[in-house]
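# Descriptive structure summary
So the chains spell out like this:
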Amino acid sequence: MIRRIALLTAGMLLVSGLAFAQATATANATVEILEELAILNTQQLDFGILSVNADGNYAVNADGTTNGATVTQFGTPLPASFAITGTVNRAFSVTISNVVATLTNGTNTLTFLTNNNWASCLSCQLDGTGAATVNVGGRISLVDGMVGGIYEAAGGEAFTVTVAY
Amino acid sequence: MEAVARKGHRFFIMRSLVILILMSLASIPAMAQGNSGRTVTIDPVAALSFGTLAVSPHGGSIAINPDGSTMQAGAYQVGGVIAPAQFQIEVKNGKTYTIILPSSATLRSASGGALTLDSFTSDPNGVGTVEKPSDIGQLLIGARLNIPPGASGVYQGDYFVTVTLFE
């Protein structure tokens, strides 16, 4: 019995002597996931209420100023405005569809134009609360004596604004 | 009397052998670290990094392969560095080692969110060798990161990699 145990012990010691060298490392993995970038149209692009005095283009800029054709303004022109939300202090890009669209009063039409040049910023940044505002202007072509009415884009959508990190 | 003494002597030998066996069993892990001068060490050189990602509202995933290539679904890089983990393997009196990767790991954010890492892969895969005379090799590890809808923030976590020298 003793001999068996001794042999067993010797065998186990021999096995342990051949034991494989082994090592384990603890390693780290990291990632930053940005909050979803969201955009909401909070104000339509509004050229106001105009009395056209001469042919020409009339523009509402992203900062709300106007220029172009000689008109008498009876309303309050406003650029389109978009509320952006995402990860605080992150930069994002703005792309405006290059649009030459037709606005109509149901019978008559006028031409509307906007593109990247009419944005308040193309390389923008979210603030410390993760919010930003992007304004977009545009231009319409007016003709002296054109038929009055409310001109708007078919379906109410004249252009597309895309934001991305 | 003699019989009693012999019995006591036998009991002493038995007890000694049992203790020896237990010591032998207990010593296996320790001896495995360097018995006969055979050792293997693994040291992290670069962390597994998924960079800064924007993710679809539906969630997504990104897998980094050991060669640094990626497979993305619903997630895309907007910054940072995407890179596999890198380890240095150093062997003494050996050449070939096996690699044990975790089946999964969890990355956590400060706010308590959790992301799962799985599908770990490595290069070399399964078995690696180190070349003489440096006795040093490189191990690259990739994995897939699964991102549920609405996840955001900085996530980090640990995982374990084991190498065993067998030749």
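Computed from a predicted structure; not experimentally measured.

### Here we look at the overall build of chain B
Helix and strand content of chain B: 1 helix and 12 strands. Written out in order from the N terminus, the α and β elements of chain B read α-β-β-β-β-β-β-β-β-β-β-β-β. The buried share of chain B, reckoned over its 167 residues, is 40%. Just so you have it, chain B exposes about 8,800 Å², and 59% of that area is on carbon and sulfur atoms.

### Regarding the overall build of chain A
A tally of helices and strands in chain A yields 1 helix and 15 strands. By residue count, 36% of the 165 residues in chain A fall in the buried class. Within chain A, contacts between residues at least 6 apart in sequence are counted, and of these 71% link residues at least 24 apart.

### Description of the packing of aromatic side chains
Residue and element names in this part refer to chain A. The tally for this structure, following the rule as stated, stands at 5 aromatic pairs over all chains. For the ring pair Phe-47 and Tyr-58, a centre distance of 6.5 Å and an interplane angle of 55° mean the geometry is tilted. Taken together, the residues span a long stretch of sequence, with Phe-47 in the loop between strand S2 (38-43) and strand S3 (50-52) and Tyr-58 in strand S4 (residues 56-60) at a distance of 11 residues. Cluster of aromatic residues (ring-pair linked, three or more members): Phe-47, Tyr-58, Phe-82, Phe-112 and Phe-159.

### Comments concerning the environment of B:Asp135
Residue and element names in this part refer to chain B. Of note, Asp-135 is situated in the loop between strand S10 (127-129) and strand S11 (136-147). Residues Asp-135 and Val-91 lie 44 residues apart in sequence; the distance between their C-alpha atoms is 5.3 Å. Beyond its immediate sequence surroundings of up to four residues, Asp-135 is in contact with Ile-89, Glu-90, Val-91, Gly-94 and Val-130. At 3.1 Å, the side chain of Asp-135 and the side chain of Lys-132 are in polar contact.

### Details of the sheet that holds S2(A)
To summarise the sheet geometry, strands pair through backbone hydrogen bonds and adopt either a parallel or an antiparallel arrangement. Residue and element names in this part refer to chain A. The strand order across the open sheet built from 3 strands is S2-S7-S12, with neighbouring strands paired in antiparallel fashion. Here the strands that pair on one side only, and so sit at the sheet edges, are S2 and strand S12 (131-136). Between one strand axis and the next, the sheet turns through 25° on average, direction left out of account. Both strand S7 (residues 80-85) and S12 contribute to a ladder of 6 bridges, which runs antiparallel. If you follow Ser-81 over to S12, its bridge partner there is Asn-135.

### Some thoughts on the pattern of salt bridges
Residues and elements named next belong to chain B. Counted according to the given criterion, the structure contains 2 salt bridges over all chains. One salt bridge in this structure joins Asp-135 and Lys-132, with 3.1 Å as the shortest N-O distance. Taking the relative accessible area as the measure of exposure, Asp-135 reaches 14% and is therefore buried. The exposure class assigned to Lys-132 is exposed, which follows from its relative accessible area of 55%.

### Let's talk about the sheet that holds strand S8 (residues 91-96) of chain A
Residue and element names in this part refer to chain A. Taken in spatial order, the 3 strands of this open sheet run S11-S8-S15, and their pairing is antiparallel. Each having just a single partner strand, strand S11 (123-125) and strand S15 (161-164) make up the two edges of the open sheet. Across the sheet, the axes of successive neighbouring strands diverge by a mean angle of 35°, strand direction being ignored. Sheet analysis places S8 next to S11, joined by 3 bridges and oriented antiparallel. When the bridges of S11 are listed, Ser-93 appears paired with Ser-123.

### A short note on unusual backbone geometry
Residue and element names in this part refer to chain B. Residue Pro-124 follows Asp-123 across a cis peptide bond; omega there is 5°. Mapping Pro-124 onto the fold places it in the loop between strand S9 (114-123) and S10. Between Lys-132 and Pro-133 the backbone carries a cis peptide bond, its omega angle lying at 0°. Along the polypeptide, Pro-133 turns up in the loop between S10 and S11. The phi dihedral of Asn-93 falls on the positive side, at around 60°, and the residue is not glycine. Along the chain, the position of Asn-93 falls in the loop between strand S6 (85-92) and strand S7 (96-100).

### Here's the deal with the environment of A:Asn98
Residue and element names in this part refer to chain A. Structurally, Asn-98 is set in the loop between S8 and strand S9 (99-104). Measuring from C-alpha to C-alpha, the distance between Asn-98 and Phe-159 comes to 7.7 Å, with 61 residues separating the pair along the chain. Sequence-distant contacts of Asn-98, defined by excluding residues within four places in its chain, comprise Thr-114 and Asn-115.

Parameters and conventions
Residues numbered from 1 in each chain as written. Chains lettered and ligands numbered in written order. Predicted model: local features only at pLDDT ≥ 70, side-chain atom pairs only at ≥ 80, totals over all residues. Heavy atoms only, no water. Helix = DSSP H or I, 4+ residues; strand = E, 2+ residues; numbered from the N terminus. Buried < 20%, exposed > 50% of the residue type's maximum accessible area, 1.4 Å probe, protein only. Areas by Shrake-Rupley, 256 points an atom, 1.4 Å probe, with all protein chains shown as cover. Contact = heavy atoms within 4.5 Å. Phe/Tyr/Trp six-rings, centres within 6.5 Å; stacked < 30°, edge-to-face > 60°. Polar contact = N/O pair within 3.5 Å; in protein donor to acceptor, adjacent residues only side chain to side chain. Pairing = 2+ DSSP bridges. Axes fitted to C-alpha atoms, helices over the stretch in contact; angles between N-to-C directions. Salt bridge = Lys/Arg side-chain N within 4 Å of Asp/Glu carboxyl O.

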